[in-house]
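Breakdown of the fold
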Amino acid sequence: VLYSSMNLGEYAFSNCASLQSVTIDSNGEKLSIPKYCFANDSKLRSVSGLEYVSDVGSNAFEGCGLDKLQFPVSVIIGSNAFRNCSVLSSVDFLSETEVGSGAFSDCPSLVSVSFDKRSKIGERAFANFSALKLNFRDDDVSPLHGVWYIESKAFEGCTSVTSLCLPASLQY
């Protein structure tokens, strides 16, 4: 169990071959997960308590075995934070989010991504997904209806996206 009052260092739990789950608990503060903190923990399948996380540092979970993620509160995701998570299948952002460059790139199993609130998607954030299926629409059922800014090459190499209907408010 990690408490939000803890001060975690870079690489604190990286390359932990047996780590399977992480639980984050709060004492009223938000936890900042530093860069490379859980990098290459290939057996890490779940992280609970993401509502207590304010930001996820660069490469923090790169190469992990995470399956599904749900961010219920506003969060900043650093560059390459979840890059190369080979079994990650879905990510849901339920509040305002900033997704850094390459944050979810090269995750071959990712098929579902949704944004519910005003969010910014960084350069190459979701690059190289052959399975990702998104329809960009400006309505309440679109997986990206909360997105307001998309940087260059954010969805480069996403060969399964079949249609786009971008809202007038979108900046790119």
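Heads up: these notes are all about the structure in this document. Computed from a prediction, not measured in an experiment: that's the story for all the values here. (Residues numbered from 1 in each chain as written. Predicted model: local features only at pLDDT ≥ 70, side-chain atom pairs only at ≥ 80, totals over all residues. Heavy atoms only, no water.)

1. Re the sheet that holds strand 8 (residues 90-93)
Sheet strands line up and pair through hydrogen bonds in the backbone, either parallel or antiparallel. Selection criterion: Two strands pair if DSSP finds at least two bridges between them. By the criteria applied, helices consist of DSSP H or I runs no shorter than four residues and strands consist of E runs no shorter than two, each listed in order from the N terminus. In this description, a line fitted to the C-alpha atoms serves as the axis of each element, helices being fitted only across the stretch in contact, and the angle between N-to-C directions of two axes falls anywhere from 0 to 180 degrees.
The strand order across the open sheet built from three strands is 6-8-10, with neighbouring strands paired in parallel fashion. The open sheet is flanked by strand 6 (68-71) and strand 10 (112-115), the only strands paired with a single partner. Strand after strand, the sheet turns through a mean of 0° between neighbouring axes, direction not considered. Both strand 8 and strand 10 contribute to a ladder of four bridges, which runs parallel. Bridged to F93 within strand 10 is F115.

2. Some points on the pattern of salt bridges
The criterion, for reference: A side-chain nitrogen of Lys or Arg and a carboxyl oxygen of Asp or Glu constitute a salt bridge if their distance falls within 4 Å. Using a 1.4 Å probe on the protein chains alone, a residue whose accessible area is under 20% of its type maximum counts as buried, one over 50% counts as exposed, and one in between counts as partly exposed.
Applying the stated criterion across every chain yields a total of four salt bridges. We note a salt bridge from E62 to R83, for which the minimum N-O separation is 3.3 Å. Taken together, the residues E62 in the loop between strand 5 (53-56) and strand 6 and R83 in the loop between strand 7 (75-77) and strand 8 connect sequence positions 21 residues apart. A relative accessible area of 27% means that R83 is categorised as partly exposed. Residue R83 pairs with D106 through a salt bridge whose shortest N-O separation is 3.4 Å. Note that R83 is positioned in the loop between strand 7 and strand 8 and D106 in the loop between strand 9 (97-99) and strand 10, a separation of 23 residues in sequence. Salt bridges linked by common partners bring E62, R83 and D106 together as one network.

As far as function goes, none of this settles anything; it's purely spatial.
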